[in-house]
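# Structural overview for review
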Amino acid sequence: MKFPAEKNQPSRYIIDVFVLVAGGVLAYGLARRLELFEWFYDFSRRHEAWQLDELLSVLIVLSVLLGVLFARRWYETRQLNRRLQAALDEIHTLRGIIPICSHCKKIRTDEGYWQQLEVYISRHSDALFSHGICPDCVREHYPDLAPYVLDDLLNTENAGDPTKNG
């Protein structure tokens, strides 16, 4: 499912830069507090052939960048999960076997009551109903009115079609 692009893209980049700077300052402060620079300096002097001096700054920058990317991805995933959960909460679907009367078409609820089909579906989904009557039911239930109603219906349907208007 695709969501529209976020409207606050520039503020997101500002937050990323802020987090990057803050992460860098925190990493530097932690390294100073734990005397990691002195330890690394001594270690690199003992193993000068490895040229570890340049590696320190690269490792710190990469660590902060990876931390920022991880935090950002985690935050985006949380936001997306919230949005998906909200979308799922709005979805009303009918699933499983629905017991329906073969004669009157009422549906038996989980509580054992019988409801009109329209009421049941309206309560368990976002569907709305409008009512009409099909030509077969007009003939069956209103045989006296059927010729008039069906003739009017036929004339109304053919009014917009010049091929059917002799």
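Residues numbered from 1 in each chain as written. Predicted model: local features only at pLDDT ≥ 70, side-chain atom pairs only at ≥ 80, totals over all residues. Heavy atoms only, no water.

### Some thoughts on the overall build of the protein
Stated precisely, the cut-off is as follows: Runs of E in the DSSP output that reach at least two residues are strands. Runs of H or I that reach at least four are helices, and both are numbered from the N terminus. Residue exposure (1.4 Å probe, protein chains only): buried if accessible area is under 20% of the type maximum, exposed if over 50%, otherwise partly exposed. In what follows, residue pairs with any heavy atoms lying within 4.5 Å of each other are defined as contacts. Each accessible area value is a Shrake-Rupley result obtained with a 1.4 Å probe; residue values ignore everything except the protein chains displayed when judging cover.
Looking only at helices and strands, the protein has 6 helices and 2 strands in total. The order of helices and strands in the protein, counted from the N terminus, is α-α-α-β-β-α-α-α. In the protein, buried positions account for 10% of the 166 residues. Taking contacts inside the protein between residues at least 6 apart in sequence as the whole, the part at least 24 apart equals 33%. Of the roughly 14300 Å² that the protein leaves accessible, carbon and sulfur atoms contribute 61%.

### Quick look at the pattern of salt bridges
As a reminder of what qualifies: The term salt bridge refers to a pairing of a side-chain nitrogen on Lys or Arg with a carboxyl oxygen on Asp or Glu at a separation within 4 Å.
Overall, the coordinates contain 3 salt bridges when judged by the stated rule. Two residues, Arg-73 and Glu-76, come together in a salt bridge whose shortest N-O distance is 3.5 Å. Pair noted here: Arg-73 and Glu-76 are both in helix α3 (residues 53–90), with a separation of 3 residues, about one helical turn. For Arg-73, a relative accessible area of 55% corresponds to the exposed category. What makes Glu-76 partly exposed here is its relative accessible area of 21%.

### A word on the state of the cysteines
The cut-off we apply is this: Criterion for a disulfide: a pair of cysteine sulfur atoms within 2.5 Å.
On inspection of all chains with the given rule, the structure shows 0 disulfides. Cys-104 takes part in no disulfide bond, and the closest cysteine sulfur to it belongs to Cys-101, at a distance of 3.5 Å. Take Cys-104: its relative accessible area is 39%, and that puts it in the partly exposed class. Not engaged in a disulfide, the cysteine Cys-134 finds its nearest cysteine sulfur in Cys-137; these two sulfurs lie 3.6 Å apart. Classification of Cys-134 by relative accessible area gives partly exposed; the value is 37%.

### Side note on the side chain of Ser-125
As a reminder of what qualifies: The definition of a polar contact used here is a pair of N or O atoms within 3.5 Å, where within protein one atom must be able to donate a hydrogen and the other to accept one, and adjacent residues in sequence count solely through side-chain atom pairs.
Among the structural elements, Ser-125 can be located in the loop between α4 (117–124) and α5 (135–141). Owing to a relative accessible area of 14%, Ser-125 belongs among the buried residues under this scheme. A polar side-chain atom of Ser-125 sits 3.2 Å from the main-chain amide nitrogen of Ala-127.

### Remarks on the environment of Pro-99
Residue position: Pro-99 is located in the loop between α3 and β1 (107–108). Each C-alpha atom, one on Pro-99 and one on Asp-110, is 9.6 Å from the other, the two residues being 11 residues apart in sequence.

### As for the confidence of the model for the protein
Rules: For every residue, the predictor assigns a confidence score, pLDDT, that lies between 0 and 100.
With 85% of its residues at a pLDDT of at least 70, the protein reaches an overall mean of 78. When pLDDT is averaged over each element of the protein, strand β2 (residues 114–115) comes out on top at 93 and helix α6 (residues 146–158) at the bottom at 76. Taken together, the stretch residues 1–5 has pLDDT below 50 and engages in 5 contacts with residues farther than four places along the chain or on a different chain.

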